[in-house]
Amino acid sequence: MYWFSRPHEVATEHQEMDMSTTETRIADTDLRPALNLALDQIERLLTVVTPDQAPLPTPCSEFDVSTLVDHLQGVVRRLAVILSGQHFSTAPAIVASTSWLPDWTEGRTALAPLLADDATLAREATVPWGTTTGAGAIASYLGELTTHAWDLAAATGHLDELDPTLAELALPTYQTILPATPRALPQIPFGAVVEVGLDAGPYEQLVAWTGRDPRWS
């Protein structure tokens, strides 16, 4: 499931307080370099995923490979809109893409100057779950991009392309913002946490927290 890009999602008061606390703490952390690495990671995957894999299912049950890529094209554009200070709803959540890599490059081109601007971190940002700062939005979308990178890599056989450092950075924010319980629709559209062993790797821990089975195939 995905959360941070859903235009109709409404957080409960308790969730909003948890998010605010988390985002206050991460406001002093500049995650722009990590976000750029997450964007690079998606780009690498788009260079190796082939058109014949478009109809394959993914661990995110709402998407096959093609529609997951469409969603990611929407994420990069929506994030640019959010970080510019505009309302998230002025950008589409899904962008139908027929040229995956050129379309991704176009989205990143719009986002790049905002990530290069230090003022972006403190700018008020209106996101699907309320109001935050640019730093808070970056932290949340880092989690979404990193998790969906695993979805795409798992679906297409490219898990070896993933950078474990990104999962290590994304997991603490997810664990703070997304409670283990309760996970009731529609407020928290994630499945129950999947149990993993103490030796689980960063991506296994991350996707298990979002309700995905790290052993998905």
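Here goes a summary of the coordinates provided. (Residues numbered from 1 in each chain as written. Predicted model: local features only at pLDDT ≥ 70, side-chain atom pairs only at ≥ 80, totals over all residues. Heavy atoms only, no water.)

## Description of the overall build of the chain
For step 1, the next point in the chain: Helix and strand content of the chain: seven helices and two strands.
For step 2, the next point in the chain: Taken from N to C terminus, the helices and strands of the chain fall in the order α-α-α-α-β-β-α-α-α.
For step 3, the next point in the chain: When the 217 residues of the chain are sorted by exposure, 53% land in the buried category.
For step 4, the next point in the chain: Considering only residue pairs separated by 6 or more positions, the chain has 72% of its internal contacts joining residues 24 or more positions apart.
For step 5, the next point in the chain: Element-wise, carbon and sulfur atoms account for 57% of the exposed surface of the chain, whose accessible area totals about 9,300 Å². (Helix = DSSP H or I, 4+ residues; strand = E, 2+ residues; numbered from the N terminus. Buried < 20%, exposed > 50% of the residue type's maximum accessible area, 1.4 Å probe, protein only. Contact = heavy atoms within 4.5 Å. Areas by Shrake-Rupley, 256 points an atom, 1.4 Å probe, with all protein chains shown as cover.)

## Some details on the pairing of strand E1 (residues 124–127)
For step 1, the next point in the chain: The alternating pattern of E1 places Ala125 and Val127 on a buried face, while none of Glu124 and Thr126, on the opposite face, is buried.
For step 2, the next point in the chain: Of the strand pairs in this sheet, E1 and strand E2 (residues 130–133) are connected by four bridges, and their pairing is antiparallel. Bridging from a neighbouring strand, Ala125 pairs with Thr132 of E2.
For step 3, the next point in the chain: Taken together, E1 and the strand that follows it, E2, pair antiparallel across an intervening segment of two residues. (Pairing = 2+ DSSP bridges.)

## Digging into the packing of helix H2 (residues 32–48) against helix H5 (residues 134–156)
For step 1, the next point in the chain: The N-to-C vectors of H2 and H5 enclose an angle of 25 degrees; their axes lie 9 Å apart at closest approach. Taken as axis vectors, H2 and H5 run roughly parallel relative to one another. Note that H2 runs across H5; the crossing there is left-handed. Touching Arg32, Ala34, Leu35, Ala38, Leu39, Gln41, Ile42, Leu45 and Leu46 of H2 are Ile138, Tyr141, Leu142, Leu145, Thr146, Ala149, Leu152 and Ala153, all from H5.
For step 2, the next point in the chain: Residue composition of the contact of H2 with H5, by class: 14 nonpolar, two polar and one charged. (Axes fitted to C-alpha atoms, helices over the stretch in contact; angles between N-to-C directions. Parallel < 35°, antiparallel > 145°, perpendicular 65-115°, else oblique. Left-handed = near helix turned anticlockwise from the far one by under 90°. Nonpolar A, V, L, I, M, F, W, Y, C, P; charged D, E, K, R; others polar.)

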